[in-house]
Each structure stands twice: as structure tokens, then as C-alpha cells.
Amino acid sequence: MKQAEKNKKSRIQIINAAIKLYAYAGGPEISLNELCRENNISKGKFYHYFSSKDELFKVSTNYIISELCKDIESYNVSSDKTIEENFKDYYSQRIKFWISHSDYFMILYDILTNHDYEYKKQFVPLLEQYRSTLQYKTMEMIHTVNFEKKISDSELFDVIKSVFESMFIKDLYKIIITQRNGYETYAKKLSDDLLDFYSRLINVLLYGIFNKETPEDK
């Protein structure tokens, strides 16, 4: 293995070890001694790859968002599926990703729900990248069908994003905490229930509540 590849591998190992600690600590407040012990490295090796703990946290959150965006982009929107099927399969993939990367989720959840403005504003570019990727994939699914929308793409996405961040993320948090506490079967039931609920909610957003037909039309 070439030295550049070894360096990249070592760097990613440190990042993954840090992410695990951040997820359980609920944020970036972990000691350098704890990090080095977790990764079985010396402080000298740590400083070979990172200038500070702050830099490591920023690199780690960048890594998480990058991996998340890659997974979002990897969903193949199919013109052979209905819009409902595309959305359901897409959100099924989203749930599976978060459950299999629960450490990533815990860190992103902390960023999204943190009320400290100074803390949160440093992540604005990353959150914009994440939301931009979400918007592109959401609109790609919506544009597989040819129907007249009563609102603009941006308005529709704002509604879906609001529902996602206020409901879907919070329900995912419950599922992941349940899983991390060892209740795998119950976590699976909760994830199935969430997917079913979100699929029905998307239908309401797409088609509305009331039938267009009125008594006068009959």
C-alpha cells in the first residue's frame, strides 16, 4: 500500500473513532486522551493528521454530510414506478441508511436541534449542501409525473422539508435510541410504522385532502 493510501486510511480511522465518541458524548466535547485511547494512537500521530480537536470535529461533520449526500444521490428514481412508489422506496433507503449509521444520525440530530446560534452557524454551509441534495432528489421524483402543480417547486419542497425536519427526524431519533438500547424488534416495528405514515403523508401533500368533485358535479 502506498504511503498516501496509508495516510488516507489512518485519517479515516481517526475520523470514524471520533464520530463514535461524538455520538455517545452528544457533541464535540471529548478529551484528546480519550480519542487517542479509543483509536490506539499517540498524540503525535493525531497531530500529524489534525491541527486540533476543533479541526477534527469540522472534518468529521464534513465527512458525515458527504456520506449522507452520496447515499441520497445514489437512489435511482425510476420512471417505471409511480411517484408514490418512488417516494416510499426513497424513504425506505433513508431509514435504512440512518439505522445502519446511527452515529452519523446522532451528530446531525444534535446540529439540527441545537439552539445555540453560535454553535449552529458554523454548520450552515454543510446544512445547505445537505438540503440542496435533498431538494434535487425530491424534485427529481416529483418531475417523473406530468401534472399541473398549484404551488412552485420551492414551495412544495419547503413544505416537505419542514415536515421532514419537524416530524420525520424526531421519529427517527426515537427509533435509533430504541435500537441503540438493544430493542431491535421494536425498532423495526417503529421504522415500518414511520415509513407507512410518511408514505400516507406524502400522498396528502401531493394530492390534497378533499376530492375535487362537488355535489353539483354529480
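Structure's up top.
The rules behind the values
Each residue is numbered by its place in its chain's sequence as written, counting from 1. The model is predicted, so local features are restricted to residues of pLDDT at least 70 and side-chain atom pairs to those at 80 or more, both for listing and for counting; the totals for chains, interfaces and linings are taken over all residues. Neither water nor hydrogens contribute to the side-chain values; these are computed over all heavy atoms in the structure. A run of H or I in DSSP counts as a helix once it spans at least four residues, and a run of E counts as a strand once it spans at least two, with each numbered from the N terminus. Only protein chains enter the accessibility calculation, which uses a 1.4 Å probe. A residue is then buried if its area is under 20% of the maximum for its type, exposed if over 50%, and partly exposed in between. The contact criterion used throughout is that any non-hydrogen atoms of two residues lie within 4.5 Å. To be clear on the numbers: accessible area is Shrake-Rupley with a 1.4 Å probe, and residue cover counts the displayed protein chains and nothing else. Only four residue types enter the tally: Lys and Arg on the positive side, Asp and Glu on the negative side; His and the chain ends are excluded. Here the site of a charge means atom NZ of a Lys, CZ of an Arg, CG of an Asp or CD of a Glu. Any two rings among Phe, Tyr and Trp, with Trp reduced to its six-membered ring, count as a pair given centres within 6.5 Å; such a pair is stacked if its planes are under 30 degrees apart, edge-to-face if over 60, and tilted if neither. By nonpolar core we mean a set of buried residues, namely Ala, Val, Leu, Ile, Met, Phe, Trp, Tyr and Cys, connected to one another through side-chain atoms within 4.5 Å.

Colleague: Quick one: what's the story with the overall build of the protein, residue by residue and with numbers?
Modeller: Of the regular secondary structure elements, the protein holds ten helices and zero strands. Reading the protein from its N terminus to its C terminus gives the helix and strand order α-α-α-α-α-α-α-α-α-α. Across its three principal axes, the protein shows a C-alpha extent of roughly 80 × 40 × 35 Å. Buried residues in the protein amount to 40% of all 218 residues. The contacts of the protein with a sequence gap of at least 6 include a subset with a gap of at least 24, amounting to 64%. Of the roughly 13,000 Å² that the protein leaves accessible, carbon and sulfur atoms contribute 50%. Looking at the protein, you have 31 positive and 32 negative side-chain charges, and the mean spots of the two groups are 7 Å apart.

Colleague: Let's hear about the packing of aromatic side chains: which residues, and what values?
Modeller: Aromatic ring pairs are defined here through the distance separating the ring centres and the angle between the ring planes. Taken as a whole, this structure holds 17 aromatic pairs when the rule is applied. Aromatic pair F57 and F123: ring centres 5.9 Å apart, planes at 80 degrees, arrangement edge-to-face. Residue F57 is located in helix α4 (residues 53-74), and its partner F123 is located in the loop between α7 (117-121) and α8 (124-142); the two are separated by 66 residues in the primary sequence. The residues F57 and F123 share a single accessibility class, namely buried.

Colleague: Describe the nonpolar core, listing the residues and the values that go with them.
Modeller: Of all hydrophobic cores here, the largest spans 66 residues; its most connected members are F46, L56, F87, Y91, W98 and Y198. The greatest single-element share of this core, amounting to ten residues, is contributed by helix α9 (residues 153-180).

Colleague: Account for the side chain of D103, naming residues and giving values.
Modeller: Note that D103 resides in helix α6 (residues 102-113). When near neighbours in sequence (up to four residues on either side) are disregarded, D103 contacts I19, K20, A23, Y24 and R180.

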